[in-house]
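If you want the building blocks of each chain, they are given just below.
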Amino acid sequence: MAEDRQPADIVEGATSGDVEDEVQPTAKSAEDRKAAAALSKLDSRGDDEGAAREVDQEAVKNAMSALGGGADKKDIKVVKVDAADVKLLVEELELPKPKATDLLKAHDGDAVKAMRAYLQPDV
Amino acid sequence: MPQTLSTREANLFRTVIRHYEDKQYKRGLKAAEQILKKNPKHGDTMSMKALILNAQGKTEEAFSLAKDALTIDMKSYICWHVYGILYRTNKNFDEAIKAYKFALKLEPDSHQIQRDLAVLQVQMRDYPGYIQSRFVMLKARPQLRQNWTALAIAYHLDGNLQKAENILSTYEKSVTATPLRTDFENSEALLYKNSIIAEMGDFEQALEHLEAECKGCLDRLAVMELRARYLTELGRKEDAAKAYRALLDRNSEHPDYYKGLVGVLDIAADDEGALKAVYDEYAAKNPRCDAAKRLPLDFLSGDGFRAAAKAYLTLMFDKGVPSTFANLKHLYSDTFKKETLPVLAEEYLKEHSGDSTTDGHANGDSSKGEGAALYFLGQHYNYFMSRDLSKATEFVEKAIELDPKNVDFHMTKARIFKHQGEIAKAAEAMDHARSLDTRDRYINSKAAKYQLRNDENEKALTTMGLFTRAETVGGPLVDLTDMQCIWFLTEDGEAWQRRGDFGLALKRYHTIFNIFDIWQEDQFDFHSFSLRKGQIRAYIDLVRWEDQLREHPFYFRAALDAVNLYLSMHDKPQNGANGVEGSHANGDDAAAEKKKAAKKARKEAQKAEREAAEKAAKQDPNKGGAQKSKDGEEMKKKDDDPNGVKLAATADPLGDAMKFLLHLLQFSPKNIEGQIAGFEVFIRRNKYLLALRCLKASLALDKDHPKVPEQATRLRKALEGAMGSLAPKVKEVIESELAAVPGA
Amino acid sequence: MDIRLLRSSDIPLIQHANLENLPENYFLKYYLYHALSWPQLSYVAVDVSRPPKTPYDYPKIVGYVLAKMEEEPADGVQHGHITSLSVMRTHRRLGIAEKLMRQSQQAMVETFGGHYVSLHVRVSNKAAIHLYRDTLGFKTEKTESKYYADGEDAFCMKLELDFIREQLREEEDEGKDKKKKALKEGEEGEGEDVDEGEAVGDVGRDPAKGSKADQKIKVKVGRGLGVGELIEKDESKH
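Keep in mind it's a predicted model, so treat the numbers as computed, not measured.

1. A word on the overall build of chain A
Piece 1. A tally of helices and strands in chain A yields six helices and one strand.
Piece 2. Along the chain direction, N to C, the helices and strands of chain A fall in the order β-α-α-α-α-α-α.
Piece 3. Burial status across chain A gives 16% buried among its 123 residues.
Piece 4. In chain A, the share of contacts with a sequence separation of at least 24, taken over all contacts with a separation of at least 6, comes to 24%.

Dropping the structure here:
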């Protein structure tokens, strides 16, 4: 019923990491291009200073320290895995090595248990 | 040893970067070469040159140059960063991540590299890595709200809801000024936080937060819907009912709202009158509302149903609504309803017969009134639960008599032919329907589909070509591929397969596979875009959908087709390439004939291809039509196997099938067709554990499926011979697991 | 039929509907761009009466409206735009297109402060033009020559959305009146005749509520000014 043309610049898949590069109307003249370039610069700098929201710097600092060190280390049980078992699982179940290792670890390194578990339908 | 640049060249180096950023590749290249003339071993310049070459589509050259740059200057973060970018643009995200990490080690403060790395991590679903990256980015710029939001998202996606909420709250507490009501980012962030609270299952708190903080949020519908949901969860029925009523006032065509309302009204499930009254209120309020009149048909029974159905059908027939049957056929699971509806339609017909020929209320539009009732009955008898094809034909013919130029009527006629197994007649009838409205792409699409079902690939493509872009180089097929027209590619592939042209069939299935790759990659740009736009809930929705992307029936169908085709190629190896040539010695005349025809068809396709290529070559490369070639912009990659000859010539069809099969089993494990195909592939590859796994899944899904005992027997038989050569642990697994599978 | 907001998971079948129905088609990514920039604006009509065939069925889309806000409006006025609207020919005459449009228009004003909505329509598409002009009240702004790939001209049509703003303002005022009344009486308002979009809930409970109402007045002024806030880039131009 109502329809538009798709902008010529839009590219499928991953590009520069920003769709706006595509969907913004393209600059026609050199003059426009300059302006567009300036705009895009503004934009990336906007990352730093653009949104000058009033934030209490002190509070931010406190909040940051309260956050601690980023990603938490999850407790990982130490399970010894036999390399031959990993190889067996890679061969028989066609799993990538890390996945085979994880599967074994999850079953205390018992290859039979691991394989049996893998065979169960998840219904 | 890396060389150092003079001031003049250092300036030149900066212009290289600027030209690259402005996509002025030729100029950038010129400047880079100027530097390299004097400093042939300047790693950073070599890398920048590689980057430009890559942007121009010269991938191999770019990679080799970037590697050279790295050997010269291992300690340059620019070289590593460029190396990462090359991998990224060539879709090798794992390698790109590694390169970025090296670059970051050398230049820990580079915001740019950190950001690039973070995007790749979330794309690859490395959530712990993403959390780490976003944490560093937040630390560098805590004054930016999006950095807080991003870290919350990282925790959220990693499943740590509490942490996600804490981070959002921490930021909120550090803001001193009250945000404007029109601050969209703020409004969305509040709703995002609210959705996290609800996801934790704490509806009490979610409601409290919603009412205290989100009243002014710009997404009003979301606030109203969430409120209704929370109130329901908390058992505050009276308030919930009000909330649902408000929603219904906004949109009375959304069945969930009725369901929500009825759910909190304490009406006995069998009190049909009271239930219907709820809907009647909205039918009266919104005379043009369909849902309020139609939905009661789902729960009404007996005379109540009859009366309501009669009123509904009368209204629909009077208006000539073509989807009336489609909107009611789900009722057919109830025998009484299935039998009542056609009786009512016949009654209507009796009352109105002749209306359209005299001056009846249908105002000369014969798709209304009598025509609509005939159309309904035609569809009724064509439907698989109430099928009587001769009756269906009778009604449709009557409808056509009344209105010979009605597209819908002719469309149903074609469908009846299809169900009669008259595929050629069906295609013809659908094409006739198409000819009645040549400006409508819908009927054009249907005509092409029916031509494909009749194995008329060439004709179908011509039909499709009536609506594809004429300017697309390469013709309709290229346009349909560009536009990701999955249905056509699937039907076209299946038709080629029936015609014995395995090459073209595989080509289509692989094209569909690639489109799904593109769709998965499409999310890439949104990881940073959405943060800037602030539409976080929509972004989370996207990420979760992308995680399940390949469970889509579009993928399943094409992938299953491909697996089954590869299976048959394995079982009956073809001598010639493309599965078409050769093997005439088999003596199967029909098959030979088929192959001959396919060969001819392919020659035609090749000819068209050649012509398209010539046409493309004639175009001035500087003024390319569809692909506006900016200075050196990447030209479309040429397909070196347009007819799938190489695909069909595979020496390892089972190995090729795995590419499709793995996704089938991973994303649609509950679809028994995939499990059955999986078994067939694995048993041929002697992967007994995996075959058993598929069999067990099939068994769990439908133990009565005829394939299940058959496959069980075959597995046992295969194992009889193979047991001796199996590893003891595998043997142990099989013995205990197979015992649980019924059958001899 | 179910008319509801578009979700990401709907997009393959929206694209499918578009490819079946209309000559102008888009990459999936272009749909995503809409869904992730203005998720409040795009709606779908879903055929809910199809019995599921597999555990992985996706709802069949029989109609959709794909809408956006103009990123950098040439006239500097914040407004919405219909990128694509279509209803399967098998599902016409139920008013689906109109219902989709009304939902989208409402959100354009509520969420993004849109002043009007614009669209392109083929000059030959009489049924669509009838819907826009006669049912929804659009006016033809101009004709764009050879707008479409096949060479057809487009009408550029436009509908002022003042009436929705007006409505919202009234509701807001009503809400406030109701609130005052409720405060006076110390009990909840009647709620029956008033839209619940604003001012819902147990109003009387919080003495701070009074100041909240005052805030709302400020907000209203803010809204008039605030439209510009949403288009930062634009401010640099005008």
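2. Here we look at the overall build of chain B
Piece 1. From N to C terminus, chain B includes 40 helices and zero strands.
Piece 2. The buried share among the 744 residues of chain B stands at 49%.
Piece 3. When contacts within chain B are restricted to residue pairs at least 6 apart in sequence, those whose partners lie at least 24 apart make up 55%.

3. Brief notes about the UniProt feature "coiled-coil region" (unreviewed entry) in chain B
Piece 1. Mapped onto the present numbering, the UniProt feature "coiled-coil region" (unreviewed entry) falls at residues 193-227 of chain B.
Piece 2. End C-alpha to end C-alpha, residues 193-227 of chain B measures 14 Å, and it is 74% helix and 0% strand.

4. Thoughts on the nonpolar core
Piece 1. The biggest cluster of nonpolar side chains holds 280 residues, and the ones touching the most others in it are A50(B), A562(B), V563(B), A691(B), A45(C) and Y64(C).
Piece 2. Setting aside residues no more than four positions away along its own chain, A562(B) makes contact with L506(B), Y509(B), A657(B) and F660(B).

5. Focus on the UniProt feature "repeat: TPR" (unreviewed entry) in chain B
Piece 1. The sites that UniProt annotates as "repeat: TPR" (unreviewed entry) are residues 77-110 and 373-406 of chain B.
Piece 2. Its end C-alpha atoms 9 Å apart, residues 77-110 of chain B is made of 79% helix and 0% strand.

6. As for unusual backbone geometry
Most peptide bonds are trans, and most residues other than glycine sit at a negative phi.
Piece 1. Although it is not a glycine, D455(B) sits at a positive phi angle of roughly 60°.
Piece 2. Since 21 C-beta atoms lie within 10 Å of it, D455(B) is described here as buried.

7. A look at the UniProt feature "domain: Nascent polypeptide-associated complex subunit alpha-like UBA" (unreviewed entry) in chain A
Piece 1. UniProt annotation of "domain: Nascent polypeptide-associated complex subunit alpha-like UBA" (unreviewed entry) refers to residues 79-119 of chain A when read in the numbering used here.
Piece 2. Spanning residues 79-119 of chain A, this segment combines 73% helix with 0% strand, and its end C-alpha atoms are found 22 Å apart.

8. As for helix α16 (residues 272-285) of chain B
Residues and elements named next belong to chain B.
Piece 1. The terminal C-alpha atoms of α16, which comprises 14 residues, lie 20 Å apart, in line with the 20 Å expected from a rise of 1.5 Å per residue.
Piece 2. Roughly 25° is the biggest bend found in α16, and it falls at V278.
Piece 3. L275, Y279, Y282 and A283 are the residues of α16 that are buried.
Piece 4. For α16, the elements touching its buried residues are α14 (237-250), α15 (255-264), α17 (291-294) and α18 (296-299).

9. Considerations on the domain arrangement of chain B
Interface size is commonly expressed as the accessible area that is lost once the parts come together.
Piece 1. Taken domain by domain, chain B consists of domain 1 (7-187) and domain 2 (235-299).
Piece 2. The distance between the C-alpha centroids of domain 1 of chain B and domain 2 of chain B comes to 53 Å.

10. Some thoughts on the interface of chain B and chain C
Piece 1. Listed per partner, the contact involves 64 residues of chain B and 61 residues of chain C.
Piece 2. Among the elements that line the side of chain B that touches chain C, the one with the most residues is helix α32 (residues 536-547) of chain B, at five residues.
Piece 3. Its residues placed into classes, the side of chain B that touches chain C shows 28 nonpolar, 15 polar and 21 charged.

11. Structural notes on the packing of helix α22 (residues 370-382) of chain B against helix α23 (residues 389-402) of chain B
Packed helices, taken two at a time, are described by the angle between their axes plus the distance between the axes.
Residues and elements named next belong to chain B.
Piece 1. Viewed as axis vectors pointing N to C, α22 and α23 meet at an angle of 160°, and their least axial separation amounts to 8 Å. Our classification of the angle between α22 and α23 gives roughly antiparallel. The chirality of how α22 crosses α23 is left-handed. Contacts between α22 and α23 involve E370, G371, L374, Y375, L377, G378, Y381 and N382 from the former and L389, K391, A392, F395, V396, K398, A399 and L402 from the latter.
Piece 2. Its residues assigned to classes, the contact of α22 with α23 shows 10 nonpolar, three polar and three charged.

12. Focus: the packing of α23(B) against helix α24 (residues 407-419) of chain B
All names here are of chain B.
Piece 1. Contact geometry for α23 and α24: axes closest at 9 Å, N-to-C directions at 160°. In terms of axis orientation, α23 runs roughly antiparallel to α24. Crossing geometry of α23 relative to α24 is assigned as left-handed. The segment α23 lies against α24, with L389, A392, T393, V396, A399 and I400 engaging F409, H410, T412, K413, I416 and H419.

13. Considering the interface of chain B and chain A
Piece 1. If you look at the interface, chain B gives 45 residues, while chain A gives 36 residues.
Piece 2. Per-element tally for the side of chain B that touches chain A: the top contributor is helix α38 (residues 688-701) of chain B, with eight residues.
Piece 3. Residues belonging to the side of chain B that touches chain A are distributed by class as follows: 22 nonpolar, seven polar and 16 charged.

14. Observations regarding the pairing of strand β6 (residues 139-144) of chain C
Residues and elements named next belong to chain C.
Piece 1. Judged by how many residues are buried, β6 sits mostly at the surface: zero of six residues are covered.
Piece 2. Pairing geometry for β6 and strand β7 (residues 154-160), over five bridges, is antiparallel. Residue K139 lies in a different strand from β7, and its bridge partner there is K158.

15. As for the environment of K97(A)
Residues and elements named next belong to chain A.
Piece 1. If you trace the backbone, K97 turns up in helix α5 (residues 97-106).
Piece 2. Separated by 10 residues in sequence, K97 and K87 have C-alpha atoms that sit 7.8 Å apart.
Piece 3. Those residues within four positions of K97 in sequence are excluded, and the remaining contacts are V86 and V90.

16. Here we look at the confidence of the model for chain B
Residue and element names in this part refer to chain B.
Piece 1. Overall, the predicted model of chain B reaches an average pLDDT of 90, with 90% of residues at or above 70.
Piece 2. Per-residue pLDDT stays below 50 along residues 576-587; that stretch engages in 31 contacts with residues further than four places along the chain or on separate chains.
Piece 3. Confidence over residues 616-635 falls short of pLDDT 50; this stretch has 27 contacts with residues more than four positions distant or in other chains.
Piece 4. Both scores are available for the predicted complex, with the pTM at 0.86 and the ipTM at 0.90.

17. Focus on the environment of V46(C)
Residues and elements named next belong to chain C.
Piece 1. Examined against the element boundaries, V46 turns out to sit in strand β2 (residues 43-47).
Piece 2. When the 22 C-beta atoms within 10 Å are taken as the criterion, V46 is described as buried.
Piece 3. For the pair V46 and V62, spaced 16 residues apart in sequence, the C-alpha separation works out to 5.7 Å.
Piece 4. Contacts of V46, omitting those with residues within four sequence positions, involve D2, R4, P59, K60, I61 and V62.

18. Observations concerning helix α19 (residues 302-319) of chain B
All names here are of chain B.
Piece 1. An ideal rise of 1.5 Å per residue puts 26 Å on 18 residues; α19 measures up with 26 Å between its terminal C-alpha atoms.
Piece 2. Those residues of α19 that fall on the buried side of the exposure criterion are F305, A309, Y312, L313, M316 and F317. Along the axis of α19, the buried positions cluster into a sector of 125°, meaning they face one direction only. Across α19 from its buried face, at more than 90 degrees, point the exposed residues D303 and A307.
Piece 3. If you follow the buried residues of α19, they end up packed against α17, α18, α20 (324-328), α21 (335-352) and α22.
Piece 4. G320, located one to two residues past α19, shows a positive phi value of around 70°.

19. Quick word on the confidence of the model for chain A
Piece 1. For chain A, per-residue confidence averages 71 on the pLDDT scale, and residues scoring 70 or more make up 56% of the total.
Piece 2. Scored below 50 in pLDDT, residues 24-52 of chain A shows 13 contacts in the model against residues more than four places distant or in partner chains.

Parameters and conventions
Residues numbered from 1 in each chain as written. Chains lettered and ligands numbered in written order. Predicted model: local features only at pLDDT ≥ 70, side-chain atom pairs only at ≥ 80, totals over all residues. Helix = DSSP H or I, 4+ residues; strand = E, 2+ residues; numbered from the N terminus. Buried ≥ 20, exposed ≤ 12 C-beta atoms within 10 Å, placed from the backbone. Contact = placed C-beta atoms within 7 Å. UniProt positions renumbered as here; feature names shortened; annotations may be inferred. Core = buried A, V, L, I, M, F, W, Y, C linked by C-beta atoms within 7 Å. Expected span 1.5 Å × (residues − 1). Bend = angle between axes of the 7 residues up to and from the residue. Domains from an automatic or database assignment. Nonpolar A, V, L, I, M, F, W, Y, C, P; charged D, E, K, R; others polar. Axes fitted to C-alpha atoms, helices over the stretch in contact; angles between N-to-C directions. Parallel < 35°, antiparallel > 145°, perpendicular 65-115°, else oblique. Left-handed = near helix turned anticlockwise from the far one by under 90°. Pairing = 2+ DSSP bridges. pLDDT = per-residue confidence, 0-100. Arc of directions from axis to C-beta.

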